[in-house]
Amino acid sequence: MMNTILRSCPVCRAVTPERETTGELRDINCPRCGKFKLSRTQVAVLQDGAWDDARPKISAWIRSRLRDGTEPTLTEALLTSIRDTPAPRPGERMDALLL
């Protein structure tokens, strides 16, 4: 039986229960971001403060994939792409809230 431990979400830093795993891929089920997969390597990368400004965009991207019915797996290339994509304008964000 696997134990559940409390960790902070590597994206938004909310306290998140997580099952202990032995593999490279972590299954995250964050109350804010939702459910996604992330390698232990990428968890370490996200601990760098250089990613702080991108955290809201990454969290929003995860939620949008979940609304589409896809549980995302975040890779280094994907995280970089999300970080480098301009944030939506206020009108676009309001439209997304209404959908």
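Residues numbered from 1 in each chain as written. Predicted model: local features only at pLDDT ≥ 70, side-chain atom pairs only at ≥ 80, totals over all residues. Heavy atoms only, no water.

Draft legend 1. Here's a closer look at the nonpolar core. In terms of nonpolar packing, the biggest core is built from 18 residues, with Cys-9, Val-11, Cys-33, Phe-36, Ile-58 and Leu-74 touching the most fellow members. Going through the elements one at a time, β3 (25-30), β4 (34-39), α1 (40-46), α2 (55-67) and α3 (76-84) are the ones with two or more residues in this core. Look past the residues within four positions of Ile-58 in its chain and what remains in contact with it is Val-11, Leu-46, Trp-51, Leu-74, Leu-79 and Ile-82. (Core = buried A, V, L, I, M, F, W, Y, C linked by side-chain atoms within 4.5 Å. Buried < 20%, exposed > 50% of the residue type's maximum accessible area, 1.4 Å probe, protein only. Helix = DSSP H or I, 4+ residues; strand = E, 2+ residues; numbered from the N terminus. Contact = heavy atoms within 4.5 Å.)

Draft legend 2. Molecular detail of the pairing of strand β1 (residues 4-8). Alignment of β1 against strand β2 (residues 15-19), held across five bridges, turns out to be antiparallel. When the sheet's bridge partners are listed, Thr-4 is paired in β2 with Arg-19. Turn length for the β1-β2 hairpin, with the two strands adjacent in sequence and antiparallel, is six residues, and the turn residue Arg-13 shows positive phi of about 75°. (Pairing = 2+ DSSP bridges.)

Draft legend 3. Structural detail: the environment of Cys-12. Residue position: Cys-12 is located in the loop between β1 and β2. What makes Cys-12 buried here is its relative accessible area of 16%. Separated by 45 residues in sequence, Cys-12 and Lys-57 place their C-alpha atoms 9.9 Å apart. Among all residues touching Cys-12, those that are not within four sequence positions of it are Cys-30, Arg-32 and Cys-33.

Draft legend 4. Broad picture of the packing of α2 against α3. It is the contact of α2 with α3, at a shortest axis distance of 9 Å, that shows an interaxial angle of 115°. With respect to α3, the axis of α2 lies roughly perpendicular. Between α2 and α3 lies a crossing whose hand is right-handed. Residue-level contacts link Lys-57, Ile-58 and Trp-61 of α2 to Leu-78, Leu-79, Ile-82, Arg-83 and Asp-84 of α3. (Axes fitted to C-alpha atoms, helices over the stretch in contact; angles between N-to-C directions. Parallel < 35°, antiparallel > 145°, perpendicular 65-115°, else oblique. Left-handed = near helix turned anticlockwise from the far one by under 90°.)

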